[in-house]
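Chain residues, written in single-letter form:
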Amino acid sequence: MEREPGRAARAGSEAVPGALPGTLAGTLAGTVAVLVAANVLNNRLAPRLAPLTSAAATGALVVMARRSGLSWAELGFHRRSRGLRIGGALASAVAGAYAAGIAVPATRRFFRDERALSLSRARALEEALIQVPFGTVLLEEVGFRGVTHALVARSHGHGTATAVSSVLFGLWHILPAVDMMAANPALSRLATGEALGAPGAPGVPGVPDAAGSGGSRGSRTEGTGGEGPGVPVVRASRARGTGGEDGSGVPAVPAGPDAPGVPRGPEGAPAWQVARVVAGSVVTTGLAGVLFTELRRRGGLAAPALFHVATNSLGYLFARLAPPEEPASGRGPLPR
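Residues numbered from 1 in each chain as written. Predicted model: local features only at pLDDT ≥ 70, side-chain atom pairs only at ≥ 80, totals over all residues. Heavy atoms only, no water.

Student: With reference to specific residues and values, describe the packing of aromatic side chains.
Tutor: Under the definition given, this model contains seven aromatic pairs. Measuring from centroid to centroid gives 5.4 Å for Phe144 and Trp172, while their planes differ by 75°, and the two rings are edge-to-face. No difference in accessibility class separates Phe144 from Trp172, as the two residues are buried. With a centroid separation of 5.7 Å and 90° between ring planes, the pair formed by Phe292 and Phe307 is classed as edge-to-face. Taken together, the residues Phe292 in helix H10 (residues 271–299) and Phe307 in helix H11 (residues 302–321) connect sequence positions 15 residues apart. Residue Phe292 shares its accessibility class with Phe307, and that shared class is buried. An aromatic cluster of at least three residues, connected via ring pairs, comprises Phe144, Phe169, Trp172, Phe292 and Phe307. The ring of Phe169 carries the charged tip of Arg145 above its face, separated from the ring centre by 4.1 Å. (Phe/Tyr/Trp six-rings, centres within 6.5 Å; stacked < 30°, edge-to-face > 60°. Buried < 20%, exposed > 50% of the residue type's maximum accessible area, 1.4 Å probe, protein only. Helix = DSSP H or I, 4+ residues; strand = E, 2+ residues; numbered from the N terminus. Lys NZ or Arg CZ within 6 Å of the ring centre and 35° of its normal.)

Student: Tell me about the environment of Thr293, and please be specific about residues and values.
Tutor: Note that Thr293 resides in helix H10. Along the chain, Thr293 and His158 lie 135 residues apart, while their C-alpha atoms are 9.5 Å from each other. Aside from chain neighbours lying at most four places away, what touches Thr293 is Arg145, His149, His158, Thr162, Ser165 and Ser166. (Contact = heavy atoms within 4.5 Å.)

This is how it looks when you write it as structure tokens:
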């Protein structure tokens, strides 16, 4: 028979809303500090070491939570059998959805992530089997759905804990969102709600952007730390809006938001566009956090963890399986 949370754990998680006790408040502040440090390390300073950084951060969070009096059940380490069943079913659904996505020309562009396509087969396997499960999912699930949720739920209840952990989970994706702009422009525009078929929209298959391609040119892989298909961070070198050529023979257009003097974000895009992508990513990943928290409530941490791994890791496989886009002229597939 599967072990359910004890009476003390249930009582603690159903406590009436109120101010966090001093010990729990201090642990929550420490949890946020650890997560911020790990986020910067994994996305900017030492991305290839993300599995080690995340493992160390996860261990520190669990130790702090246990010393604060939280039980294993409150942290989500329960209902393992049920969680594995739920997570396995959702992982199968993700695989089916991805297969349908690359089969339909209208959605195929979302899977053409330059971060995944630029990797060797060995590096892609490393990302899918090591970096995603241990460098991304482990810390995010234990940190947000486990420790953060449990700390807030102890005094404020499940609803507030879901809101707080999901908002923090959305903010966690600010740095990966900036990286996604260079690697997957189509998915970035989807996150902001921008129309995908707009003429001249960068990254739309068959319509060259200022770099002369449907994606990012001159990009190089610098490790991991992002989200979704092709977790590796990519730095793209673009000369957009300069009034000349970027080396690809395609003249840039010095007009509108791409004109000289317009504030630029870290990836060379206009600052307003970076802000839109970041805001859209924060909102969508925050909503995903709500879904993951509900899965955690029904099947412990195992359910959202399996779903999360499938969503990210399978992106590498399907980015490589996605057929090249056909250009508008019908003269053959676009080069990868």
